[in-house]
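If you want the building blocks of each chain, they are given just below.
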Amino acid sequence: MPESRVNSASEAGTDLHLEVSASGPRRAAVAAGLRAAVRSGRLAPGTRLPPYRSLAADLGVARNTVADAYAELVAEGWLTARQGSGTRVAERVAAKPKPVPRRGPEREPAAHDLRQGQPDAASFPRAAWGAAVRRAITAAPPDAFAPADPHGRPELRRALAGYLARARGVAATPDQIVVCAGFAHGLRLLFGGGVLSGPLAVEPYGLPFHRGILADAGVRTLPLGLDDRGARTDQLASGRGPRAVLLTPAHQFPTGGPLLPARRAEAVDWARGRGGVVLEDDYDGEFRYDREPVGAVQGLDPDHVVYIGSVSKSLSPAIRLGWMVLPPHLVGDVLAAKGQREAWTGVTDQLALAEFIESGQYDRHVRRMRQRYRARRDLLVAALAERAPHVAVTGIAAGLHAVLRLPPGTEAAAVEAAARAGVALDGLAAFRHPDSPEPHRDGLVVGYAAPSEHRYRPALHALCRVLADV
């Protein structure tokens, strides 16, 4: 006969899901169901069970049947019963956790995290962000808590239009801005959603994760060349037929140089003549140290540039908020790709970020972190000059990472030596496009933002010990 499954709401407010066989004596069936629940760990040690009459009513049995079942399990040591505290699962009968099967060899967590792309999580402005959340929710209109608009909250789009114009030289109205969950989400909407199609010209170095998103969307990527003036945008006019180009103009990822003005103009002129689109990934444009700010390419031609940014570097990757500033003719297509309701970004975070920007807290946080990251970069450069002078440091005028140039043929050994020393970092080869026309350059990509303040100097000491042997 089938088992009965009962959720009991006791007088003490305890819910109990119990599987009881419909066959055999009732007392034995109730005892067996309780015993199985305790043995499996579903009823944890110390859990208070419902009173007799509550469970009996739910099971459709006599109160004495449940009382006898409880008494039996108390005698066996499964349960305990004390005057005034009810019947509880005994502490000593906790189920042993089942071993989790291993998926392969595991490496111990790194003692020092020098991976690129991560801000200092310990520096997240908790108090200021919490205050912004409270102010934003208090001031929000009722429609903010209705089904969300895929365009994004108007408060955030207005705040972003003003901030991006002031800080990054972006020309946009709030209607041109579509809120998204970050750069990767933007790529999925543009190419996976059918707004744009390939082939897509890209820089010879970039994130493999982004290339994977494009490959999943059926987009072929065509790597350009790279020199000391940035990506070789002059190659866009070749016969290979790209319809769009993806660039990191403010700070080429990960090699570090800016795209110089003539190359920027070249990319925009190509897009105009080809009827194409420039995708501008402004992943860390706020963090510049030794040069004048490099404004956004989007300001040169808002009708042919899609500008994409996020708070993943400036605030935290845990806040899944980004934005696309789109040419007006693409806005409707992107919204259609998102769907009728927002499924990615929370309204509370949108309202909070709008308040954070409008109150000036965002600017203050970025300036504070810019000073902190610049000091860390300077420590890195000084440590290498003293302890590993044979290693050249490049790409340090902006951003959250540096590239350490290595002698040819030494990169793989250096990455492995760093791993053995407990230092997590990446080799430059990990970011090279497999079809890149550029020769491989040996190097390490070292992030100086992720460690907390008290862990950063020990991380540098460990890195220098590794580099001394390269």
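What you see is a predicted model; the values in this text were computed from it and never measured.

Rules of the game
- Residues numbered from 1 in each chain as written.
- Predicted model: local features only at pLDDT ≥ 70, side-chain atom pairs only at ≥ 80, totals over all residues.
- Heavy atoms only, no water.
- Pairing = 2+ DSSP bridges.
- Helix = DSSP H or I, 4+ residues; strand = E, 2+ residues; numbered from the N terminus.
- Axes fitted to C-alpha atoms, helices over the stretch in contact; angles between N-to-C directions.
- Contact = heavy atoms within 4.5 Å.
- Polar contact = N/O pair within 3.5 Å; in protein donor to acceptor, adjacent residues only side chain to side chain.
- Salt bridge = Lys/Arg side-chain N within 4 Å of Asp/Glu carboxyl O.
- Left-handed = near helix turned anticlockwise from the far one by under 90°.
- Nonpolar A, V, L, I, M, F, W, Y, C, P; charged D, E, K, R; others polar.

Caption draft 1: Geometry of the sheet that holds strand E12 (residues 277–281). Spatial strand order, E6-E14-E13-E12-E11-E7-E8: 7 strands in an open sheet with mixed pairing. The open sheet has two edge strands with one neighbour each: strand E6 (177–180) and strand E8 (221–223). Across the sheet, the axes of successive neighbouring strands diverge by a mean angle of 20°, strand direction being ignored. Pairing of strand E7 (residues 200–202) with E8, which is carried by 3 bridges, proceeds in the parallel orientation. Residue pairing for E8: Leu200 is matched across the bridge by Thr221. Contacts between helix H8 (residues 261–274) and the sheet are confined to strand E11 (244–247), E12 and strand E13 (305–310), with E12 contributing the most and set at about 140° to the helix. Those strands touched by helix H9 (residues 328–338) are E6, E13 and strand E14 (322–325), and its axis lies near 25° from that of E6.

Caption draft 2: Quick look at the side chain of Ser316. With respect to the helices and strands, the residue Ser316 is situated in the loop between E13 and E14. A polar atom in the side chain of Ser316 sits 3.0 Å from the backbone nitrogen of Ala318. Each residue touching Ser316, except ones within four places of it in the same chain, is listed here: Pro119, Phe124 and Val311.

Caption draft 3: Main features of the pattern of salt bridges. Applying the stated rule across the entire model yields 20 salt bridges. Measuring nitrogen to oxygen at the nearest pair gives 2.9 Å for the salt bridge that ties Arg232 to Asp234. Residue Arg420 pairs with Glu416 through a salt bridge whose shortest N-O separation is 4.0 Å. Pair noted here: Arg420 and Glu416 are both in helix H12 (residues 411–420), with a separation of 4 residues, about one helical turn. Within the structure, one salt-bridge network assembled from shared partners comprises Arg27, Arg35, Glu72 and Glu76.

Caption draft 4: Highlighting the pairing of strand E3 (residues 79–82). Across 4 bridges, E3 lies against strand E4 (residues 86–89) in antiparallel orientation. By the bridge assignment for E4, Ala81 is matched with Thr87. Where E3 hands over to E4, the hairpin turn is made up of 3 residues, of which Gly84 adopts a positive phi near 90°.

Caption draft 5: Inspection of the packing of helix H2 (residues 52–59) against helix H3 (residues 63–76) at higher detail. Across the interface, H2 lies against H3 with an axial gap of 8 Å and an inter-helix angle of 115°. You can see that H2 and H3 cross each other, and the crossing is right-handed. Residues Tyr52, Arg53, Leu55, Ala56 and Leu59 of H2 lie in contact with H3, whose contacting residues are Arg63, Val66, Ala67 and Tyr70. The residue makeup of the contact of H2 with H3, split by class, is 7 nonpolar, no polar and 2 charged.

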